[in-house]
Amino acid sequence: MEESFKPRSLSIGELFGDTKSLYQIPKYQRPYKWESEQVEQLWDDIRESYENEIANYFLGSVITASPNEEKLGYIDVVDGQQRLTTLMILFCVLRDHFPDLNQNDTDNPLTVNIDTIRSAITYNSRALRLRLYTHSSHQSDFNALILNEGATKALIAPYKYEIKKDQEPKFKFINTALIFIEKLNEYNRENQLGCLINYLFYHVKIIRIDCTSRDFAIKLFQVLNNRGLDLTPADLIKSFLLEKLYKKYQHDLETSKIKEDNFMSDWREMEQIIRNCDDISLNDLFIIYAHYLLGSNQKKSYTEELQTLFEHQDPNDVIAALKSFITDYYEKIYKTNNKIIYSFKYIRWSHYWKAILMTAITTNYKEFDTLIFQLRRFYYLYWIAGKTLSQVKQTSFNIIKAIKDKKHINYLKAIFNNKLELDKIHEYATSQLISNVVDKEAWIKPLLILIEYNLTDQSNPNFISLTNDLHLEHILPKKYQELAEWSHITDEVKNKWLHSIANLTLLSGKKNIDASNNSFAVKMKIYQGNKTDSTTAFRLSQKILDDFKLNTFNQQWHESALQNRYLWILEQIEELLDIDLSSIEIDI
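On a predicted model such as this, the values are computed, not experimentally measured, just so you know.

Caption draft 1: Representation of the overall build of the protein chain in the model. A tally of helices and strands in the protein chain yields 27 helices and 10 strands. In terms of overall size, the protein chain is more extended than a compact globule, its C-alpha atoms giving a radius of gyration of 32 Å where 588 residues would be expected to give roughly 25 Å. Along the first, second and third principal axes, the C-alpha set of the protein chain runs to 100 × 60 × 40 Å. For the protein chain, the proportion of its 588 residues judged to be buried stands at 51%. The long-range fraction of contacts in the protein chain, counting pairs at least 24 apart against all pairs at least 6 apart in sequence, stands at 74%. Just so you have it, the protein chain exposes about 27900 Å², and 47% of that area is on carbon and sulfur atoms.

Caption draft 2: Highlighting the sheet that holds strand β8 (residues 204–211). The mixed open sheet is built from 6 strands, whose spatial order is β1-β8-β3-β4-β2-β7. Edge positions in the sheet fall to β1 (5–11) and β7 (130–132), since each has one partner strand and no second. On average, each strand axis in the sheet is inclined to that of its neighbour by 35°, with strand direction left out of account. Of the pairings in the sheet, the one linking strand β2 (residues 22–25) to strand β4 (residues 74–79) comprises 3 bridges and is parallel in character. Within the sheet, the bridge partner assigned to Tyr23 lies in β4 and is Ile75.

Caption draft 3: Molecular detail of a negative patch on the surface. Where like charges cluster on the molecular surface, the negative patch consists of Glu37, Glu40, Glu182 and Glu186. For the negative patch, the secondary-structure elements that each account for two or more residues are α2 (36–51) and α7 (170–189). Within the secondary structure, Glu37 sits in helix α2.

Caption draft 4: Quick look at the packing of helix α10 (residues 233–248) against helix α12 (residues 282–294). Contact geometry of α10 with α12 gives a least axis separation of 8 Å together with a crossing angle of 70°. Between α10 and α12, the angle is such that the two are roughly perpendicular. Seen from α10, the contacting residues are Pro233, Ala234 and Ile237; seen from α12, they are Leu282, Asn283 and Phe286. Looking at the contact of α10 with α12, its residues break down into 5 nonpolar, 1 polar and no charged.

Caption draft 5: Up close: helix α26 (residues 559–577). For α26, which comprises 19 residues, the first-to-last C-alpha distance of 26 Å matches the rise-based estimate of 27 Å (1.5 Å per residue) to within 8%. Residues Ala561, Leu562, Arg565, Tyr566, Trp568, Ile569, Leu570, Gln572, Ile573, Leu576 and Leu577 constitute the buried set of α26. Count one or two residues on from α26 and you reach Asp578, which has phi positive near 50°.

Caption draft 6: The arrangement of helix α25 (residues 539–549) in detail. Restricting attention to buried positions, one finds in α25 the residues Leu540, Ser541, Gln542, Lys543, Ile544, Leu545 and Phe548. Taken together, the buried residues of α25 touch α21 (444–455), β10 (504–508), α24 (520–528) and α26. Positioned one or two residues after α25, Asn551 has a phi angle of 60°, which is positive.

Caption draft 7: Layout of the pattern of salt bridges. In this structure the tally under the stated criterion is 21 salt bridges. The residue Lys257 makes a salt bridge to Asp261 at a minimum N-O spacing of 2.8 Å. With Lys257 and Asp261 both in helix α11 (residues 253–275) and 4 residues apart, this pair spans about one turn of that helix. In this structure Lys257 comes out as partly exposed when scored by relative accessible area, which is 31%. Overlapping salt bridges, with partners in common, bring together Asp44, Arg47, Glu48 and Glu51 in one network.

Caption draft 8: Quick peek at the side chain of Gln139. Tracing the chain through its elements places Gln139 in helix α5 (residues 136–147). Exposure remark for Gln139: the relative accessible area of 14% places this residue in the buried category. Reaching out from Gln139, the side chain makes a polar contact with the backbone nitrogen of Leu132 at a distance of 2.4 Å.

Caption draft 9: Representation of the pairing of β8. With 6 of 8 residues buried, β8 is to be regarded as a mostly interior element. Note: β1 against β8, 7 bridges, orientation antiparallel. Note on β8: the bridge partner recorded for Phe5 is Cys211. Across 7 bridges, the pairing between strand β3 (residues 57–65) and β8 is parallel. Within β8, the position partnered with Ser61 by the bridge is Ile207.

Caption draft 10: Inspection of the packing of α2 against α7 at higher detail. As a packed pair, α2 and α7 sit with axes 9 Å apart at the nearest point and diverge in direction by 30°. In terms of axis orientation, α2 runs roughly parallel to α7. Every pair of crossing elements has a handedness; the one defined by α2 and α7 is right-handed. Touching Ser36, Val39, Glu40, Trp43, Arg47, Tyr50 and Glu51 of α2 are Asn175, Thr176, Ile179, Phe180, Lys183, Leu184 and Tyr187, all from α7. Taken together, the residues of the contact of α2 with α7 sort by class into 7 nonpolar, 3 polar and 4 charged.

Caption draft 11: Up close: the nonpolar core. Counting 133 residues, the largest nonpolar core has Tyr379 and Ile573 as its most contacted members. Looking at this core, the element that brings in the most residues is helix α17 (residues 368–384), giving 11 residues. Not counting residues up to four positions away in its chain, the partners in contact with Tyr379 are Phe344, Ile347, Trp349, Tyr352, Trp353, Ile356, Val392 and Ser396. By size, the runner-up hydrophobic cluster in this structure holds 56 residues, among which are Leu87, Leu132, Ile197 and Phe201.

Rules used in this analysis
- Residues numbered from 1 in each chain as written.
- Predicted model: local features only at pLDDT ≥ 70, side-chain atom pairs only at ≥ 80, totals over all residues.
- Heavy atoms only, no water.
- Helix = DSSP H or I, 4+ residues; strand = E, 2+ residues; numbered from the N terminus.
- Rg over C-alpha atoms; globule rule 2.2 N^0.38 Å.
- Buried < 20%, exposed > 50% of the residue type's maximum accessible area, 1.4 Å probe, protein only.
- Contact = heavy atoms within 4.5 Å.
- Areas by Shrake-Rupley, 256 points an atom, 1.4 Å probe, with all protein chains shown as cover.
- Pairing = 2+ DSSP bridges.
- Axes fitted to C-alpha atoms, helices over the stretch in contact; angles between N-to-C directions.
- Patch = residues over 30% accessible without salt bridge, like charges linked within 9 Å, V, L, I, M, F, W, Y side chains within 5 Å.
- Salt bridge = Lys/Arg side-chain N within 4 Å of Asp/Glu carboxyl O.
- Lys, Arg positive; Asp, Glu negative; His and termini not counted.
- Charge placed at Lys NZ, Arg CZ, Asp CG, Glu CD.
- Parallel < 35°, antiparallel > 145°, perpendicular 65-115°, else oblique.
- Nonpolar A, V, L, I, M, F, W, Y, C, P; charged D, E, K, R; others polar.
- Expected span 1.5 Å × (residues − 1).
- Polar contact = N/O pair within 3.5 Å; in protein donor to acceptor, adjacent residues only side chain to side chain.
- Left-handed = near helix turned anticlockwise from the far one by under 90°.
- Core = buried A, V, L, I, M, F, W, Y, C linked by side-chain atoms within 4.5 Å.

Structural data, given as structure tokens:
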């Protein structure tokens, strides 16, 4: 009986040196992703082992599998593609930049010379030792930039942002080659390069685990991951589904190929949609999808839970459903112009609100608008009250389950209200809102942005990002005592109002810097703008300017103006969060 796998200890020379050493990176693998840190670490490991005269240095393992296709000689690399690709780039740099490698060492017939290097790149001058199938363009880029004779002599250093592009590995190819050019030149100056490359080919070892089938190789890949290999949950789900696909069509190779192509096409489309979103990753998608499917807290890891859910489903149906799910997210959440959904994007518990909204979208929940209002109210009140994820987590799952069960909106409202009452959230939130120090709270800018959204009556409102250009403006400045114009402000007024919600508004960075420590009249000129600088875009701040122009408070910012602003803001919050703050108004 044939063994399912066979581990072999191979030197780098053996790994790239015989007729059975032709490798292909299959299409279900991620593109080449190593950046400077990983390449330099590999180089340092090899260099230090050589300098320390370690007889045999173990570089790790590679898992391969015989593909179910007629591609004689080539085997799939299921794990280890990053190291193999990096080593291949090293060989090409040696070929192009050091053609005289060990040419004077004629005594030892096994010395690595330029012919050895070329043989490690191409077998019999016609078959590439390594081919990339991760994307149709990746192999052509690899050829043009790395594999073709002399290609690495003409490389131009990429920008850092280009190296970060995971779906365009050509910049990583270039970066890796340039690192090796620098490192090898340094060793060449010390006349140690030939000895180092000899060491690499004969004393650096890799365990190659050859598997008889791809499904077994992927299974082994998963088992090894559970023992510490660096794979993401998305990688594991992908390999799990592909393993199921290969098993299902193992006796029909033609259908298997068609189904695999369909699967990979949907997977890449899904990845492309996610790349267009800057607020979600592929792993986030699987977590949110697991919340939607389970409607409860997981008992095992998300990977294990999803594998259980997908066990009896067709892999192509699974990936098609996932693609539909992320498409809905992109179109109905990420690209929406709904101001309430904008409000969610400031909340920290993103996996949960996204799972709830996506459950409602996926199941076509009829009372969607009422649901998102109630959900925003619930999360913001807990956030303002100073509560953590643990206090909203179970309720979030309860809401997901209720939506899937098509419960009436009044049923969902009862879930929210019972939880709010049980945890006395109205009391805690009210206490926070009336505090005389709120300007350091994480929720203060988002809450003011909610008010801003409420003041704008636009058919296509703009999302307000929490960037460094969005500033929290203290209308009464923190250093008011340095200006004579603020002499009417007593310590009692300062202690009560300076850091309160009444004294805060939103300004762009430039206006805030210009306005910060100035008199009220100067601040209003800055709010107003001039011929080269327009009026502040924020209605929150325009209201202060409007009152100033109308002489509502004698063009001063004193306690009466602060009290008026305070009551007005509380009215806005009452409307937005459906909370009764009338008792506070009576106290004022």
